Amino acid sequence: MSKDVYVDTYGRSHVASKVLSSGGQGIVYRTEEPNTLLKLEWDPLTQEIKKDTTNNTKFDEIRILPLLEKTNLTLPQTTLRDVAGYTMKLLDDMKSFEEVFSSEGNEFPDNPWLDDFRESCPDIEKQLKQYISSGGLRKRLNAYMKSACVLAKIHASGLVYCDVSDKNMFVSSDSNKANVWLIDCDNLDYMKNTAKNSGWRTPGFGAPEVYQGKGNTMYSDVYSFAIALFWTLTTKHPFIGAAVEDALNEEDFLDDPEEDFACSRDFAWISDRQDDSNDSDIGLPHRMFISEALTNYFQVTFSKEGRKNRQKRTTMPEWAYILAKELDHTVRCGHCQMDYYGSDHSTCPWCDSENQLIRVKSKKVIDNHHVKQWDFVHEQQNAYVDIPLRLLEGFCCDHMDENAFRLRYVGDEVEIIDMSNQYDFSVISEGHEKLIYGSTKIVAKNGLVIHAVCKKNNLCILLEIGV
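Overview of the structure. (Residues numbered from 1 in each chain as written. Predicted model: local features only at pLDDT ≥ 70, side-chain atom pairs only at ≥ 80, totals over all residues. Heavy atoms only, no water.)

1. Quick notes on the overall build of the protein chain
At step 1: When its secondary structure is counted, the protein chain shows 15 helices and 23 strands.
At step 2: On C-alpha atoms alone, the protein chain measures out to a radius of gyration of 24 Å, which is about the 23 Å that the 2.2 N^0.38 rule sets for 467 residues.
At step 3: Overall, the C-alpha framework of the protein chain stretches about 75 × 55 × 50 Å when taken along its three principal axes.
At step 4: Burial analysis of the protein chain (467 residues in total) assigns 51% to the buried set.
At step 5: For the protein chain, the share of sequence-separated contacts (at least 6 apart) that also reach a separation of at least 24 residues comes to 57%.
At step 6: Surface accessibility of the protein chain: about 22300 Å² in total, with carbon and sulfur atoms responsible for 46%.
At step 7: Within the protein chain, the 73 negative side-chain charges are centred at a point lying 5 Å from the centre of the 52 positive side-chain charges. (Helix = DSSP H or I, 4+ residues; strand = E, 2+ residues; numbered from the N terminus. Rg over C-alpha atoms; globule rule 2.2 N^0.38 Å. Buried < 20%, exposed > 50% of the residue type's maximum accessible area, 1.4 Å probe, protein only. Contact = heavy atoms within 4.5 Å. Areas by Shrake-Rupley, 256 points an atom, 1.4 Å probe, with all protein chains shown as cover. Lys, Arg positive; Asp, Glu negative; His and termini not counted. Charge placed at Lys NZ, Arg CZ, Asp CG, Glu CD.)

2. Overview of the sheet that holds strand β5 (residues 78-79)
Neighbouring strands of a sheet are bound in pairs by backbone hydrogen bonds; such pairs are parallel or else antiparallel.
At step 1: The strand order across the open sheet formed by six strands is β1-β2-β3-β4-β6-β5, and the pairing between neighbours is antiparallel. The sheet is open, and its two edges are formed by β1 (5-7) and β5, each paired on a single side.
At step 2: Two elements, strand β2 (residues 13-22) and strand β3 (residues 26-31), share four bridges in a ladder whose sense is antiparallel. Residue Ser22 lies in a different strand from β3, and its bridge partner there is Ile27. (Pairing = 2+ DSSP bridges.)

3. Digging into the nonpolar core
At step 1: Membership of the largest hydrophobic core comes to 120 residues, with the highest contact counts inside it found for Phe225, Leu294, Phe298, Trp319, Leu323, Phe405 and Ile450.
At step 2: Among the elements that take part in this core, helix α6 (residues 136-156) stands out by supplying 11 residues, more than any other.
At step 3: What Phe405 contacts, discounting residues up to four positions off in sequence, is Val385, Asp386, Ile387, Ile416, Ile417, Asp418, Met419, Phe425, Ile450, Leu463 and Ile465. (Core = buried A, V, L, I, M, F, W, Y, C linked by side-chain atoms within 4.5 Å.)

4. Considerations on the side chain of Thr234
At step 1: Topologically, Thr234 is positioned in helix α9 (residues 218-234).
At step 2: There is a polar contact of 2.7 Å between the side chain of Thr234 and the backbone oxygen of Phe230.
At step 3: Separated by 3.1 Å, the side chain of Thr234 and the backbone nitrogen of Lys236 make a polar contact.
At step 4: In this structure Thr234 touches His286, Phe289 and Ile290, once residues within four positions along its chain are discounted. (Polar contact = N/O pair within 3.5 Å; in protein donor to acceptor, adjacent residues only side chain to side chain.)

5. What about a negative patch on the surface?
At step 1: A cluster of like negative charges, contributed by Asp246, Glu250, Glu251 and Asp252, occupies part of the molecular surface.
At step 2: Looking at the element boundaries, Asp252 is found in the loop between α10 (242-249) and α11 (258-264). (Patch = residues over 30% accessible without salt bridge, like charges linked within 9 Å, V, L, I, M, F, W, Y side chains within 5 Å. Salt bridge = Lys/Arg side-chain N within 4 Å of Asp/Glu carboxyl O.)

6. Overview of the environment of Met94
At step 1: Inspection of the secondary structure puts Met94 in strand β7 (residues 94-96).
At step 2: Overall, the relative accessible area of 0% leaves Met94 in the buried class.
At step 3: Between the C-alpha atoms of Met94 and Leu159, which are 65 residues apart in sequence, the distance is 25 Å.
At step 4: Apart from residues lying up to four places away in sequence, Met94 is in contact with Arg30, Phe170, Val171, Ser172, Ser173, Asn179, Val180 and Trp181.

Structure representation (structure tokens):
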């Protein structure tokens, strides 16, 4: 069977293999080269690849847009000679959020809690099994926190992404990794230009003004991001509820997807605090997957005011920050394997099991005053728990994967390893302050306090660790 070969402007040949994604503007292929993708423009009706290479000039211009450092965005590398399109790089083990979070993921271990659903609620059992095996709430929050950081950097550069959806955000397929990149930057441009276009969107992810043909802005980006986030966390579209279902039943024929219908009309969102006409009780209980804090951010964006006044919506830096906060309060139940927000309690809301937790609170010491910095909650486990660097430095998009140290509890002892070399660490033990480094074991039956002093500015952070 012959394979399609495309030649770039440097004369290199690229063989299209597996289809990675497709949409209204084109199709993305993996190639036979490791980590190299092909993006080809096509006619959305006939799906024929465009021979007119005029847009290749635009792709060349995208490569030199002024993006901030460490912006995980797959920019065009080389344009193609005889068709409209370009090559781009992507790590080979990455898949779209849509694919990763809608599949059953890795091999699923025995789960007696889920077995109880098999006969009485087989659909619920299947959905919960899929949710757990594809990374649970924790991986979803982590992935969206990182994609929010990418989009925040794009907006900080004065640019608009234009087509945010779970199809264009990619994450490591390995459950132990969480690299995140955004692909398909065809429409990336300054807001003064994107606001004049007719409006790009993936069906079901558009902001109200985009459906009205008023163009894309950073405010439509945040709206589309919020739809993708809610949909992935809860397995429900935020606007597919009772009112939409009633309206759809009255439709004789629908040209567009149901999600487009819901987004393009003036329906309330399914958890609206001022209007419950479009509430949804179908499928998994969506309120179990979004905390009160996250609900506040969704309300600001999806409320009638947020739909009408785009400047009221939650911004990308705000999304990144709140997602980091919620990620660091997420607990995985040892019995049912479901994740929940455990900042206030150790009882799993899914199965009522009690979990032993590690709690870490950090405080800046400024003129002998303690100023709250960050909180962290995690289940105790045999493996080491990564304590993120943001407990010492606050939230920063560039330090998402960096740790202050790693720890684990063994009986009444806490073992600390892999301490950041940017800080000097000490612990108060028996009334004395003792420097700690390397791998350290400390008796900590009732918790302990660690001092971390920054080597650059001598700022002191107190870490209160309790169980």
